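Listed below are the residues making up each chain.
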Amino acid sequence: MIKVSCKKDALTDSEGSISDSSDSIVIKNFMNSQYYGVVEIGTPAKEFRVIYDTGSANLWVPKEGCSNCGKRIVGKKAKYDSSDSSTYEENGDDFMITYGSGAVSGVWSYDTVNLGDVEVTKQPFAEVQDAGGLGFGYTIGHFDGILGLAFPGISIDGTTTVLENAQLQNAIPEPVFSFYLGDNSDGELTFGGYDSSKFEGELTWIDVLEPTYWLIPVDTINVGKELLAERTSAVVDSGTSLMTGPSKKVKKYAAAVGAKPNPAGQYFLDCKDTRSMPDLVFGINGDEYTLEGKDIIIDAGNGQCLLAIMAMDMPPPNPQWILGDVFMRKYYTVFDFGNERVGFAKSL
């Protein structure tokens, strides 16, 4: 039996648990479709823009000479050069990771990593030699690499993750991090706790189903008062811009709100129609998390709006839904490694 917590509280130091923390970094926002922040690697430190991704567990950046790693003018990427860092240590083992959009490959290395004021020494990371699997989306993306924040259980080659090392080296007070994603504005990522000035009310906690992805149970999904899905699961994933769900369910939802598909499988509707869209309501652990029409669209220009949910069929026992940045913009999210749970509260 899987135990699911329905505890609601604002934790304090007196409970020996999570508290407010000031170890935060800025999360930049590109048109509500891409969120990224800075990580520093090496000595002297070099900045890289990375997607802080709760859907993977490893850190990689492109190395000097990397193939398919941006162009000189369009999509120029910062590159890691081990000869420039006095704290670099060679590993040399092969690295490869596959995302939904494709694979990247390279070699493992060690160096000092800084997440704002959080310093982690001798951190394993990958120097990517070929990012071709990510295609044009990476070339034009506003990021150089990816820093994974999922559980160690999905770490490539069982490599120690950044957050694991940060805890082992006492660089953070608790194995916790929290996201505030701005709506057409910058946000923040807090390590070691959360920032209570960014949300209203109290945090509601949900235990994860298993310590791999940040996978939580979802009781129901409703479009207005009509049931769309029940007894399902979802990954809370900061690395996915939209939300995803089974194709039949997404098609039904799109029809209910009057959105039409394009050849690429994306759904669009007139922006003026979004005001009358029914709410999309997630029933999680006895609480309702409501996304209004304005929360679920991205302005695509010329009076057209993109429905910020796309079809993705994943066979059981894989998670059926992904609650990406669209959901996390509305709800401040705390990821608690130590207690294997996720906390939500409505963002301010």
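Calculation criteria
Residues numbered from 1 in each chain as written. Predicted model: local features only at pLDDT ≥ 70, side-chain atom pairs only at ≥ 80, totals over all residues. Heavy atoms only, no water. Helix = DSSP H or I, 4+ residues; strand = E, 2+ residues; numbered from the N terminus. Rg over C-alpha atoms; globule rule 2.2 N^0.38 Å. Buried < 20%, exposed > 50% of the residue type's maximum accessible area, 1.4 Å probe, protein only. Contact = heavy atoms within 4.5 Å. Areas by Shrake-Rupley, 256 points an atom, 1.4 Å probe, with all protein chains shown as cover. Lys, Arg positive; Asp, Glu negative; His and termini not counted. Charge placed at Lys NZ, Arg CZ, Asp CG, Glu CD. Salt bridge = Lys/Arg side-chain N within 4 Å of Asp/Glu carboxyl O. Phe/Tyr/Trp six-rings, centres within 6.5 Å; stacked < 30°, edge-to-face > 60°. Lys NZ or Arg CZ within 6 Å of the ring centre and 35° of its normal. Core = buried A, V, L, I, M, F, W, Y, C linked by side-chain atoms within 4.5 Å. Arc of directions from axis to C-beta. pLDDT = per-residue confidence, 0-100. Disulfide = S-S within 2.5 Å. Pairing = 2+ DSSP bridges.

Draft legend 1. Focus on the overall build of the chain. Scanning the chain from terminus to terminus reveals 4 helices and 25 strands. Compactness check: the chain gives a C-alpha radius of gyration of 20 Å against a globular reference of 20 Å for 348 residues, within 12% of the reference. Counting only C-alpha atoms, the chain reaches 60 × 50 × 35 Å along its principal axes. By the burial criterion, 53% of the 348 residues in the chain qualify as buried. Within the chain, residue pairs in contact and separated by at least 24 positions form 67% of the contacts whose partners lie at least 6 positions apart. Of the roughly 15500 Å² of accessible surface on the chain, 48% is carried by carbon and sulfur atoms. Across the chain, the 28 positively charged side chains and the 48 negatively charged ones have centroids separated by 10 Å.

Draft legend 2. The pattern of salt bridges, seen in detail. If you walk through the whole model with that rule in mind, you get 10 salt bridges. A salt bridge links glutamate 230 to arginine 231, with the nearest nitrogen and oxygen atoms 3.5 Å apart. Each of Asp270, Lys272 and Asp273 takes part in a single network of salt bridges with overlapping partners.

Draft legend 3. Representation of the packing of aromatic side chains in the model. Taken as a whole and judged by the stated rule, the model has 24 aromatic pairs. An angle of 35° between the planes, with centres 4.2 Å apart, marks the rings of phenylalanine 151 and tryptophan 214 as tilted. Of the two residues, phenylalanine 151 is situated in the loop between strand E9 (145–148) and helix H2 (162–168) and tryptophan 214 in the loop between strand E12 (203–207) and strand E13 (215–223); the sequence distance between them amounts to 63 residues. Residue phenylalanine 151 is classed as buried on the basis of its relative accessible area, which comes to 3%. Of the residues examined, tryptophan 214 reaches a relative accessible area of 0% and is grouped as buried. Judged by centre distance (5.0 Å) and plane angle (40°), the ring pair of phenylalanine 199 and tyrosine 332 falls under tilted. Highlighted residues: phenylalanine 199 in the loop between strand E11 (187–191) and E12 and tyrosine 332 in strand E24 (residues 331–336), separated in sequence by 133 residues. For the pair phenylalanine 199 and tyrosine 332, one class covers both residues: buried. Aromatic rings pair up to connect Tyr52, Phe151, Phe177, Phe179, Phe191, Trp214, Phe335 and Phe337 into one cluster. Sitting above the plane of the tyrosine 180 ring, lysine 198 keeps its charged end 5.1 Å from the centroid.

Draft legend 4. Focus on the nonpolar core. Core analysis: the biggest nonpolar cluster contains 75 residues, and Tyr52, Phe191, Phe282 and Leu307 have the highest contact counts within it. Setting aside its immediate chain neighbours within four residues, leucine 307 contacts Tyr253, Ala254, Val257, Ala259, Tyr267, Met277, Ile296 and Ile297. Grouped together as the second largest cluster of nonpolar side chains are 17 residues, Tyr36, Ile51, Phe95 and Ala131 included.

Draft legend 5. Expanded view of helix H3 (residues 247–257). Those residues of H3 that fall on the buried side of the exposure criterion are Val250, Tyr253, Ala254 and Val257. Buried residues in H3, looked at end-on, bunch into an arc of 100°, giving them a common side. Those residues of H3 that are exposed and aimed more than 90 degrees away from the buried face are Lys248, Lys251 and Ala255.

Draft legend 6. Summary view of the confidence of the model for the chain. When pLDDT is averaged along the chain, the result is 91; 94% of the residues meet or exceed 70. Low pLDDT, under 50, characterises residues 1–17; the predicted model gives this stretch 39 contacts beyond four residues in sequence or across chains.

Draft legend 7. How the structure looks around the state of the cysteines. On inspection of all chains with the given rule, the structure shows 2 disulfides. What pairs with cysteine 66 in a disulfide is cysteine 69, and their sulfur atoms sit 1.7 Å apart. Note on accessibility: cysteine 66 and cysteine 69 belong to one class, buried. One disulfide bridge connects cysteine 271 with cysteine 305, the sulfur atoms lying 2.1 Å from each other. Torsion about the S-S bond of the cysteine 271 and cysteine 305 cystine: about 105°, corresponding to right-handed handedness. Of this pair, cysteine 271 sits in the loop between strand E17 (267–270) and strand E18 (280–284) while cysteine 305 sits in strand E21 (residues 304–307), placing them 34 residues apart in sequence. Each member of the pair cysteine 271 and cysteine 305 is classed as buried. The cystine pairing of the chain, numbering bonded cysteines in sequence order, is 1-2, 3-4.

Draft legend 8. Summary view of the side chain of threonine 161. Note that threonine 161 resides in the loop between E9 and H2. Residue classification places threonine 161 among the buried residues on the basis of a relative accessible area of 3%. Excluding residues that lie within four positions of it along the chain, threonine 161 makes contacts with Ala57, Gln123, Pro152 and Ser155.

Draft legend 9. How the structure looks around the sheet that holds strand E20 (residues 297–301). Ordered by their spatial adjacency, 4 strands build an open sheet running E16-E17-E21-E20, and the pairing between neighbours is antiparallel. In this open sheet, the two strands that pair with only one neighbour each are strand E16 (260–261) and E20. Of the strand pairs in this sheet, E16 and E17 are connected by 2 bridges, and their pairing is antiparallel. Residue pairing for E17: lysine 260 is matched across the bridge by phenylalanine 268.

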